[in-house]
Amino acid sequence: METKIKALDRSCLKPEDFKEAVEILKSGGLVAMPTETVYGLAGDAMDEEAAKKIYAAKGRPSDNPLIVHIADEKALYELASDVPREALAAAKRFWPGPLTMILNKSDRVPFGTTGGLSTVAIRFPSDNIANMLIKTSGLYLAAPSANASGRPSTTRAEHVYEDLNGRIPLILDGGSCKIGLESTIIDLSGISSGKKPLILRPGFITKEELEEVIPGIEYDPVVISRKPSENKVAKAPGMKYRHYAPAGTLTIVEGKSEAVVNKINAEAADKKYKRIGILATKETRSLYKGVQYDDETLQNNLKKLRPISLKFEEKTSLGSVGGSIELEDIRQHLSLEEPVIFTVGSREDDASIAAELFEALRNCDELALDVIYSESFEDGPLCQAIMNRLIKAAGYSIVYV
Ligand code: AMP
Ligand code: MG
(Lines give C-alpha, C1' and ligand atoms only; values in the text may rest on other atoms or scores of the structure.)
(Ligands and ions follow the chains in the order given, each with its own letter.)
Protein backbone atom coordinates (compact mmCIF):
# COMPACT_ATOMS: atom_id res chain seq x y z
CA MET A 1 0.00 0.00 0.00
CA GLU A 2 1.22 3.49 -0.93
CA THR A 3 1.15 5.90 2.00
CA LYS A 4 0.27 9.44 0.93
CA ILE A 5 1.14 12.51 2.99
CA LYS A 6 -1.29 15.39 2.53
CA ALA A 7 -0.11 18.75 3.86
CA LEU A 8 -2.86 20.98 5.25
CA ASP A 9 -2.80 24.69 5.94
CA ARG A 10 -4.31 25.20 9.41
CA SER A 11 -5.12 28.83 8.77
CA CYS A 12 -7.59 28.10 5.96
CA LEU A 13 -9.05 24.61 6.19
CA LYS A 14 -11.72 23.75 3.65
CA PRO A 15 -14.14 20.80 3.63
CA GLU A 16 -12.50 19.57 0.36
CA ASP A 17 -9.24 19.10 2.27
CA PHE A 18 -10.92 16.23 4.12
CA LYS A 19 -12.75 14.57 1.23
CA GLU A 20 -10.27 11.73 0.71
CA ALA A 21 -9.75 11.16 4.45
CA VAL A 22 -13.50 10.98 5.06
CA GLU A 23 -13.97 8.49 2.20
CA ILE A 24 -11.26 6.26 3.66
CA LEU A 25 -12.70 6.43 7.19
CA LYS A 26 -16.27 5.78 6.02
CA SER A 27 -15.16 2.69 4.16
CA GLY A 28 -13.53 1.29 7.29
CA GLY A 29 -9.94 2.43 6.57
CA LEU A 30 -7.38 4.34 8.64
CA VAL A 31 -6.04 7.90 8.47
CA ALA A 32 -3.29 9.44 10.61
CA MET A 33 -4.20 12.90 11.89
CA PRO A 34 -2.45 15.56 13.95
CA THR A 35 -3.82 16.44 17.37
CA GLU A 36 -2.55 18.98 19.89
CA THR A 37 -0.90 16.15 21.88
CA VAL A 38 0.65 13.68 19.38
CA TYR A 39 -0.38 12.29 15.97
CA GLY A 40 -3.27 9.83 16.15
CA LEU A 41 -4.07 6.81 13.96
CA ALA A 42 -7.80 7.22 13.36
CA GLY A 43 -10.51 4.75 12.40
CA ASP A 44 -14.29 4.54 12.93
CA ALA A 45 -14.69 3.86 16.67
CA MET A 46 -18.02 2.08 16.16
CA ASP A 47 -16.54 -0.40 13.66
CA GLU A 48 -14.73 -3.36 15.23
CA GLU A 49 -13.05 -4.17 11.94
CA ALA A 50 -11.47 -0.69 11.85
CA ALA A 51 -10.24 -1.23 15.42
CA LYS A 52 -8.62 -4.51 14.31
CA LYS A 53 -6.84 -2.65 11.51
CA ILE A 54 -5.51 -0.09 14.01
CA TYR A 55 -4.06 -2.82 16.24
CA ALA A 56 -2.50 -4.55 13.24
CA ALA A 57 -0.95 -1.38 11.75
CA LYS A 58 0.62 -0.38 15.07
CA GLY A 59 1.54 -3.89 16.16
CA ARG A 60 -0.37 -3.06 19.33
CA PRO A 61 -1.60 -5.79 21.70
CA SER A 62 -5.39 -5.95 21.33
CA ASP A 63 -6.04 -5.79 25.10
CA ASN A 64 -4.81 -2.19 25.01
CA PRO A 65 -7.94 -0.07 24.52
CA LEU A 66 -8.31 2.87 22.15
CA ILE A 67 -9.34 6.44 22.98
CA VAL A 68 -12.52 7.62 21.23
CA HIS A 69 -12.25 11.17 19.86
CA ILE A 70 -15.33 13.38 19.66
CA ALA A 71 -16.07 16.92 18.47
CA ASP A 72 -19.14 17.67 20.56
CA GLU A 73 -19.61 17.22 24.30
CA LYS A 74 -23.08 15.74 23.72
CA ALA A 75 -21.36 12.59 22.42
CA LEU A 76 -20.68 11.73 26.08
CA TYR A 77 -24.30 10.69 26.43
CA GLU A 78 -24.10 8.36 23.45
CA LEU A 79 -20.79 6.76 24.37
CA ALA A 80 -21.16 6.50 28.17
CA SER A 81 -23.91 4.71 30.10
CA ASP A 82 -23.71 7.26 32.92
CA VAL A 83 -22.11 10.69 32.97
CA PRO A 84 -21.16 11.77 36.50
CA ARG A 85 -21.23 15.41 37.57
CA GLU A 86 -17.41 15.43 37.78
CA ALA A 87 -17.13 14.46 34.11
CA LEU A 88 -19.31 17.40 33.10
CA ALA A 89 -17.28 19.77 35.26
CA ALA A 90 -14.00 18.51 33.76
CA ALA A 91 -15.44 18.73 30.22
CA LYS A 92 -16.55 22.31 30.84
CA ARG A 93 -13.14 23.31 32.11
CA PHE A 94 -10.70 21.33 29.91
CA TRP A 95 -12.50 20.45 26.64
CA PRO A 96 -11.66 20.81 23.90
CA GLY A 97 -8.19 19.88 25.09
CA PRO A 98 -5.67 17.23 26.20
CA LEU A 99 -7.85 15.41 28.75
CA THR A 100 -9.20 11.86 28.32
CA MET A 101 -11.97 10.58 30.60
CA ILE A 102 -12.72 6.93 31.31
CA LEU A 103 -16.44 6.30 31.85
CA ASN A 104 -18.69 3.23 31.82
CA LYS A 105 -19.41 2.45 28.19
CA SER A 106 -22.82 2.41 26.56
CA ASP A 107 -23.97 -0.60 24.54
CA ARG A 108 -23.16 1.26 21.33
CA VAL A 109 -19.40 1.14 21.86
CA PRO A 110 -17.97 -2.17 20.61
CA PHE A 111 -15.67 -4.22 22.85
CA GLY A 112 -13.21 -4.32 19.95
CA THR A 113 -12.54 -0.63 20.57
CA THR A 114 -12.29 -0.89 24.37
CA GLY A 115 -9.98 -3.90 24.43
CA GLY A 116 -12.78 -5.95 25.98
CA LEU A 117 -13.35 -3.52 28.87
CA SER A 118 -16.76 -2.29 29.99
CA THR A 119 -15.38 1.25 30.16
CA VAL A 120 -14.57 3.69 27.36
CA ALA A 121 -11.93 6.42 27.07
CA ILE A 122 -13.24 9.67 25.56
CA ARG A 123 -11.43 12.83 24.43
CA PHE A 124 -12.47 16.04 22.67
CA PRO A 125 -9.30 17.34 20.96
CA SER A 126 -8.77 21.06 20.37
CA ASP A 127 -6.61 20.67 17.23
CA ASN A 128 -8.58 22.22 14.36
CA ILE A 129 -7.60 19.54 11.83
CA ALA A 130 -8.65 16.68 14.14
CA ASN A 131 -11.81 18.59 14.99
CA MET A 132 -12.77 19.14 11.37
CA LEU A 133 -11.99 15.55 10.42
CA ILE A 134 -14.32 14.26 13.16
CA LYS A 135 -17.05 16.72 12.17
CA THR A 136 -16.90 16.25 8.41
CA SER A 137 -16.80 12.45 8.74
CA GLY A 138 -19.72 12.47 11.16
CA LEU A 139 -17.93 9.61 12.99
CA TYR A 140 -16.39 9.10 16.40
CA LEU A 141 -12.74 8.33 15.79
CA ALA A 142 -10.79 5.73 17.73
CA ALA A 143 -7.24 7.06 17.60
CA PRO A 144 -4.25 5.76 19.53
CA SER A 145 -0.90 7.41 19.03
CA ALA A 146 0.23 6.94 15.41
CA ASN A 147 3.50 5.15 16.15
CA ALA A 148 4.63 1.55 15.93
CA SER A 149 3.77 0.07 19.34
CA GLY A 150 6.68 0.47 21.76
CA ARG A 151 8.42 3.28 19.85
CA PRO A 152 8.26 6.93 20.95
CA SER A 153 4.97 8.59 19.95
CA THR A 154 4.96 10.71 16.79
CA THR A 155 4.85 14.51 16.88
CA ARG A 156 5.42 15.15 13.14
CA ALA A 157 3.99 13.64 9.95
CA GLU A 158 7.49 12.43 8.97
CA HIS A 159 7.65 10.33 12.16
CA VAL A 160 4.30 8.73 11.30
CA TYR A 161 5.63 7.94 7.83
CA GLU A 162 8.73 6.32 9.33
CA ASP A 163 6.66 3.95 11.46
CA LEU A 164 3.57 3.30 9.34
CA ASN A 165 4.71 3.70 5.73
CA GLY A 166 3.01 1.01 3.63
CA ARG A 167 0.54 0.17 6.41
CA ILE A 168 -1.98 3.01 6.05
CA PRO A 169 -3.23 4.93 3.00
CA LEU A 170 -3.12 8.55 4.24
CA ILE A 171 -1.38 10.88 6.70
CA LEU A 172 -2.78 14.39 7.21
CA ASP A 173 0.22 16.64 7.83
CA GLY A 174 -0.51 19.53 10.18
CA GLY A 175 3.10 20.24 11.20
CA SER A 176 4.53 19.72 14.69
CA CYS A 177 2.20 18.90 17.57
CA LYS A 178 2.06 21.74 20.10
CA ILE A 179 2.08 19.72 23.31
CA GLY A 180 4.11 16.69 22.28
CA LEU A 181 3.00 14.33 25.10
CA GLU A 182 -0.17 12.27 25.14
CA SER A 183 -3.31 13.40 26.97
CA THR A 184 -3.85 13.21 30.72
CA ILE A 185 -6.13 10.20 31.38
CA ILE A 186 -8.53 10.23 34.33
CA ASP A 187 -10.76 7.37 35.45
CA LEU A 188 -14.20 8.50 36.61
CA SER A 189 -15.91 5.16 35.95
CA GLY A 190 -16.09 4.13 39.62
CA ILE A 191 -17.40 7.40 41.04
CA SER A 192 -21.06 6.37 41.10
CA SER A 193 -20.14 3.26 43.09
CA GLY A 194 -18.03 5.22 45.59
CA LYS A 195 -14.55 4.68 44.09
CA LYS A 196 -12.01 7.48 44.01
CA PRO A 197 -11.31 9.40 40.79
CA LEU A 198 -7.83 8.51 39.56
CA ILE A 199 -5.20 9.89 37.17
CA LEU A 200 -4.11 6.92 35.05
CA ARG A 201 -1.64 8.82 32.88
CA PRO A 202 -0.11 12.21 33.74
CA GLY A 203 -0.16 14.75 30.91
CA PHE A 204 -0.39 18.43 30.05
CA ILE A 205 -3.43 18.92 32.33
CA THR A 206 -1.89 18.63 35.79
CA LYS A 207 -3.19 17.12 39.04
CA GLU A 208 -3.40 20.60 40.56
CA GLU A 209 -5.61 21.84 37.73
CA LEU A 210 -7.81 18.74 37.95
CA GLU A 211 -8.25 19.13 41.73
CA GLU A 212 -10.02 22.42 41.11
CA VAL A 213 -12.94 20.62 39.48
CA ILE A 214 -12.51 17.07 40.88
CA PRO A 215 -11.49 17.41 44.54
CA GLY A 216 -9.75 14.33 45.94
CA ILE A 217 -8.44 13.07 42.59
CA GLU A 218 -5.25 11.01 43.04
CA TYR A 219 -2.59 9.38 40.90
CA ASP A 220 -2.83 5.67 40.20
CA PRO A 221 0.33 4.91 42.29
CA VAL A 222 1.74 2.69 39.54
CA VAL A 223 2.10 5.55 37.05
CA ILE A 224 4.28 7.78 39.21
CA SER A 225 6.40 4.97 40.58
CA ARG A 226 10.15 5.08 40.03
CA LYS A 227 10.48 1.34 40.36
CA PRO A 228 8.83 -1.34 38.24
CA SER A 229 5.94 -2.63 40.32
CA GLU A 230 6.04 -6.38 40.79
CA ASN A 231 2.52 -7.13 41.94
CA LYS A 232 0.56 -4.08 40.99
CA VAL A 233 -0.87 -3.66 37.52
CA ALA A 234 -1.47 -0.22 36.00
CA LYS A 235 -5.17 0.51 35.56
CA ALA A 236 -4.62 1.86 32.04
CA PRO A 237 -3.63 -1.33 30.23
CA GLY A 238 -1.27 0.62 27.95
CA MET A 239 0.85 1.74 30.88
CA LYS A 240 2.11 -1.78 31.60
CA TYR A 241 4.07 -2.14 28.37
CA ARG A 242 7.63 -0.98 27.70
CA HIS A 243 6.98 2.17 25.80
CA TYR A 244 8.40 5.24 24.14
CA ALA A 245 11.72 3.47 24.03
CA PRO A 246 14.64 4.17 21.73
CA ALA A 247 16.59 1.13 20.50
CA GLY A 248 19.67 2.03 22.61
CA THR A 249 19.95 1.68 26.38
CA LEU A 250 18.68 4.82 28.08
CA THR A 251 19.75 5.79 31.61
CA ILE A 252 18.44 8.80 33.56
CA VAL A 253 20.94 10.57 35.81
CA GLU A 254 19.34 12.50 38.67
CA GLY A 255 20.82 14.91 41.21
CA LYS A 256 22.23 18.43 41.44
CA SER A 257 22.97 19.84 37.98
CA GLU A 258 26.75 19.93 38.35
CA ALA A 259 26.93 16.37 39.66
CA VAL A 260 24.72 15.17 36.80
CA VAL A 261 26.92 16.83 34.18
CA ASN A 262 30.08 15.37 35.74
CA LYS A 263 28.61 11.88 35.95
CA ILE A 264 27.37 11.90 32.37
CA ASN A 265 30.66 13.28 31.02
CA ALA A 266 32.57 10.59 32.93
CA GLU A 267 30.32 7.77 31.66
CA ALA A 268 30.39 9.11 28.09
CA ALA A 269 34.19 9.19 28.12
CA ASP A 270 34.27 5.45 28.82
CA LYS A 271 35.64 3.87 25.65
CA LYS A 272 33.80 0.61 26.12
CA TYR A 273 30.72 2.28 24.58
CA LYS A 274 30.74 3.21 20.91
CA ARG A 275 27.78 5.37 20.00
CA ILE A 276 26.65 7.61 22.79
CA GLY A 277 23.86 10.20 23.13
CA ILE A 278 23.24 12.81 25.82
CA LEU A 279 19.83 14.40 26.40
CA ALA A 280 20.51 17.89 27.78
CA THR A 281 18.71 21.23 27.87
CA LYS A 282 19.40 24.67 26.44
CA GLU A 283 20.95 25.64 29.78
CA THR A 284 23.31 22.65 30.07
CA ARG A 285 24.13 21.58 26.50
CA SER A 286 27.45 23.45 26.36
CA LEU A 287 28.71 21.71 29.53
CA TYR A 288 28.96 18.30 27.86
CA LYS A 289 31.83 16.98 25.78
CA GLY A 290 30.75 15.90 22.31
CA VAL A 291 29.13 17.15 19.12
CA GLN A 292 25.79 18.97 19.19
CA TYR A 293 23.02 17.19 17.23
CA ASP A 294 22.36 20.39 15.25
CA ASP A 295 26.03 20.50 14.14
CA GLU A 296 26.09 21.29 10.42
CA THR A 297 28.43 18.47 9.39
CA LEU A 298 26.42 15.89 11.29
CA GLN A 299 23.17 17.14 9.74
CA ASN A 300 24.69 17.03 6.24
CA ASN A 301 25.83 13.46 6.79
CA LEU A 302 22.38 12.57 8.02
CA LYS A 303 20.75 14.06 4.95
CA LYS A 304 22.80 11.71 2.79
CA LEU A 305 21.80 8.82 5.02
CA ARG A 306 18.03 9.42 5.05
CA PRO A 307 17.20 6.95 2.24
CA ILE A 308 19.05 4.28 4.21
CA SER A 309 17.25 5.06 7.43
CA LEU A 310 13.91 4.75 5.64
CA LYS A 311 14.98 1.35 4.35
CA PHE A 312 15.96 0.28 7.83
CA GLU A 313 12.50 1.30 9.08
CA GLU A 314 10.93 -1.22 6.75
CA LYS A 315 12.89 -3.90 8.54
CA THR A 316 11.56 -2.84 11.93
CA SER A 317 9.69 -5.69 13.56
CA LEU A 318 6.45 -3.82 14.09
CA GLY A 319 4.69 -6.88 15.38
CA SER A 320 6.39 -7.12 18.75
CA VAL A 321 6.20 -4.66 21.60
CA GLY A 322 9.47 -2.79 21.97
CA GLY A 323 10.65 -4.84 19.00
CA SER A 324 14.25 -4.82 17.97
CA ILE A 325 15.39 -2.58 15.14
CA GLU A 326 18.10 -3.55 12.70
CA LEU A 327 20.53 -0.65 12.92
CA GLU A 328 23.60 -2.09 11.21
CA ASP A 329 23.06 -0.12 7.98
CA ILE A 330 23.19 3.15 9.86
CA ARG A 331 26.21 2.12 11.92
CA GLN A 332 28.08 1.23 8.75
CA HIS A 333 27.31 4.48 6.97
CA LEU A 334 27.59 7.02 9.76
CA SER A 335 30.62 6.99 11.96
CA LEU A 336 30.35 8.86 15.25
CA GLU A 337 33.60 9.60 17.02
CA GLU A 338 32.12 11.60 19.86
CA PRO A 339 28.97 11.57 22.01
CA VAL A 340 26.03 13.40 20.39
CA ILE A 341 24.35 16.07 22.53
CA PHE A 342 20.63 16.72 22.04
CA THR A 343 18.89 19.85 23.28
CA VAL A 344 15.52 18.92 24.74
CA GLY A 345 13.88 22.30 25.37
CA SER A 346 14.68 24.74 28.12
CA ARG A 347 14.46 24.40 31.89
CA GLU A 348 12.81 27.82 32.01
CA ASP A 349 9.79 26.40 30.17
CA ASP A 350 9.01 22.76 30.84
CA ALA A 351 6.39 22.75 28.06
CA SER A 352 9.30 23.01 25.62
CA ILE A 353 10.88 19.89 27.17
CA ALA A 354 7.58 18.02 26.79
CA ALA A 355 7.25 19.17 23.18
CA GLU A 356 10.74 18.02 22.17
CA LEU A 357 11.23 14.81 24.17
CA PHE A 358 9.79 12.23 21.77
CA GLU A 359 11.55 13.73 18.78
CA ALA A 360 14.89 13.56 20.61
CA LEU A 361 14.29 9.89 21.46
CA ARG A 362 13.51 9.18 17.80
CA ASN A 363 16.65 11.03 16.73
CA CYS A 364 18.70 8.71 18.94
CA ASP A 365 17.49 5.84 16.73
CA GLU A 366 18.20 7.82 13.58
CA LEU A 367 21.88 7.78 14.67
CA ALA A 368 21.73 4.14 15.85
CA LEU A 369 22.98 5.15 19.30
CA ASP A 370 23.85 2.28 21.65
CA VAL A 371 23.90 4.13 24.95
CA ILE A 372 21.96 7.27 25.92
CA TYR A 373 22.14 9.35 29.10
CA SER A 374 19.44 11.82 30.02
CA GLU A 375 19.22 14.55 32.58
CA SER A 376 16.25 14.26 34.93
CA PHE A 377 13.37 16.78 34.93
CA GLU A 378 12.05 17.15 38.44
CA ASP A 379 10.81 20.74 38.46
CA GLY A 380 7.87 22.47 36.85
CA PRO A 381 4.19 21.66 36.46
CA LEU A 382 4.76 19.04 33.73
CA CYS A 383 7.51 17.10 35.51
CA GLN A 384 5.23 14.13 36.36
CA ALA A 385 4.17 13.79 32.74
CA ILE A 386 7.70 14.17 31.36
CA MET A 387 9.29 11.81 33.90
CA ASN A 388 6.52 9.22 33.41
CA ARG A 389 7.43 8.96 29.70
CA LEU A 390 11.19 9.20 30.25
CA ILE A 391 11.25 6.56 33.01
CA LYS A 392 9.28 4.14 30.81
CA ALA A 393 11.61 4.85 27.89
CA ALA A 394 14.54 4.10 30.21
CA GLY A 395 12.94 0.90 31.49
CA TYR A 396 13.24 2.38 35.05
CA SER A 397 17.02 2.76 34.80
CA ILE A 398 17.82 5.78 37.03
CA VAL A 399 21.19 6.63 38.58
CA TYR A 400 21.14 8.99 41.59
CA VAL A 401 24.23 11.18 42.06
P1 AMP B 1 -2.69 5.96 23.22
O2 AMP B 1 -3.94 5.77 22.43
O3 AMP B 1 -1.49 5.43 22.55
O4 AMP B 1 -2.57 7.36 23.69
O5 AMP B 1 -2.93 5.09 24.49
C6 AMP B 1 -4.21 5.10 25.08
C7 AMP B 1 -4.08 4.83 26.55
O8 AMP B 1 -5.38 4.91 27.12
C9 AMP B 1 -3.52 3.48 26.86
O10 AMP B 1 -2.61 3.57 27.94
C11 AMP B 1 -4.77 2.72 27.25
O12 AMP B 1 -4.48 1.64 28.07
C13 AMP B 1 -5.60 3.78 27.93
N14 AMP B 1 -7.03 3.47 27.93
C15 AMP B 1 -7.86 3.54 26.86
N16 AMP B 1 -9.10 3.13 27.20
C17 AMP B 1 -9.05 2.78 28.51
C18 AMP B 1 -10.01 2.26 29.43
N19 AMP B 1 -11.27 2.01 29.08
N20 AMP B 1 -9.59 2.02 30.70
C21 AMP B 1 -8.32 2.29 31.07
N22 AMP B 1 -7.38 2.78 30.23
C23 AMP B 1 -7.73 3.02 28.98
MG1 MG C 1 0.57 5.27 22.55
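Attention here is on the structure that accompanies the text.

For the rest of this paragraph, the subject is the overall build of the chain. Helices and strands together make up the secondary structure of the chain, namely 12 helices and 17 strands. A principal-axis box enclosing the C-alpha atoms of the chain has dimensions of 60 × 50 × 40 Å. The buried share of the chain, reckoned over its 401 residues, is 58%. A separation of at least 24 residues holds for 73% of the contacts in the chain among residues at least 6 apart in sequence. Looking at the chain as shown, the accessible area adds up to about 16900 Å², and 51% of this sits on carbon and sulfur atoms. Distance between charge centres in the chain, computed from 51 positive and 58 negative side chains, equals 2 Å.

Paired through their backbone hydrogen bonds, the strands of a sheet run either parallel or antiparallel. The parallel open sheet is built from 6 strands, whose spatial order is β14-β15-β13-β16-β12-β17. Every other strand in the sheet has two partners, leaving β14 (291–292) and β17 (398–400) as the edge strands with one partner each. Strand direction decides the pairing type here: strand β12 (residues 249–254) and strand β16 (residues 371–375), joined by 5 bridges, are parallel. By the bridge assignment, Ile252 is partnered in β16 with Ser374. Of the strands in this sheet, β12, β13 (276–280), β16 and β17 touch helix α8 (residues 257–268), which is tilted by about 175° from β16.

For the rest of this paragraph, the subject is the pairing of β13. When you tally the buried positions in β13, you get 5 out of 5 residues, the bulk of the element. What you see with β13 is no split at all: Ile276, Ile278 and Ala280 on one side and Gly277 and Leu279 on the other are buried throughout. Relative to β16, β13 is paired through 4 bridges, and the arrangement is parallel. Bridging from a neighbouring strand, Gly277 pairs with Ile372 of β16. The pairing of β13 with strand β15 (residues 340–343) spans 4 bridges and is classified as parallel. Bridged to Leu279 within β15 is Phe342.

So, about empty space enclosed by the protein. In this structure the tally under the stated criterion is 1 cavity of 30 Å³ or more. In this structure, the largest cavity encloses a volume near 70 Å³. Lining the largest cavity we find 13 residues, and of these Gly203, Ile205, Thr206, Lys207 and Tyr219 sit closest to its centre. Residue assignment for the lining of the largest cavity shows that the elements contributing at least two residues are α7 (207–213) and α12 (383–393).

On to the packing of aromatic side chains, then. Across all of its chains, the model carries 2 aromatic pairs by this definition. The side chain of Lys105 reaches across the aromatic face of Phe111, ending 4.1 Å from its centre.

Moving on, we come to the pairing of strand β3 (residues 40–44). Regular strands place side chains that alternate from one sheet face to the opposite one. Within β3, 5 of the 5 residues are buried, which leaves the element mostly enclosed by the surrounding structure. The pairing of strand β2 (residues 31–33) with β3 spans 3 bridges and is classified as antiparallel. When the sheet's bridge partners are listed, Ala32 is paired in β3 with Leu41. Following β2, the chain reverses through 6 residues before pairing antiparallel with β3.

Reading the values: the criteria
Residues numbered from 1 in each chain as written. Chains lettered and ligands numbered in written order. Predicted model: local features only at pLDDT ≥ 70, side-chain atom pairs only at ≥ 80, totals over all residues. Heavy atoms only, no water. Helix = DSSP H or I, 4+ residues; strand = E, 2+ residues; numbered from the N terminus. Buried < 20%, exposed > 50% of the residue type's maximum accessible area, 1.4 Å probe, protein only. Contact = heavy atoms within 4.5 Å. Areas by Shrake-Rupley, 256 points an atom, 1.4 Å probe, with all protein chains shown as cover. Lys, Arg positive; Asp, Glu negative; His and termini not counted. Charge placed at Lys NZ, Arg CZ, Asp CG, Glu CD. Pairing = 2+ DSSP bridges. Axes fitted to C-alpha atoms, helices over the stretch in contact; angles between N-to-C directions. 1 Å grid on protein atoms, 1.4 Å probe; cavity = no way out; pocket = protein on both sides within 12 Å on 5 of 7 lines; lining within 4 Å. Points joined across faces, edges and corners; volume = space filled by probe spheres on them. Phe/Tyr/Trp six-rings, centres within 6.5 Å; stacked < 30°, edge-to-face > 60°. Lys NZ or Arg CZ within 6 Å of the ring centre and 35° of its normal.

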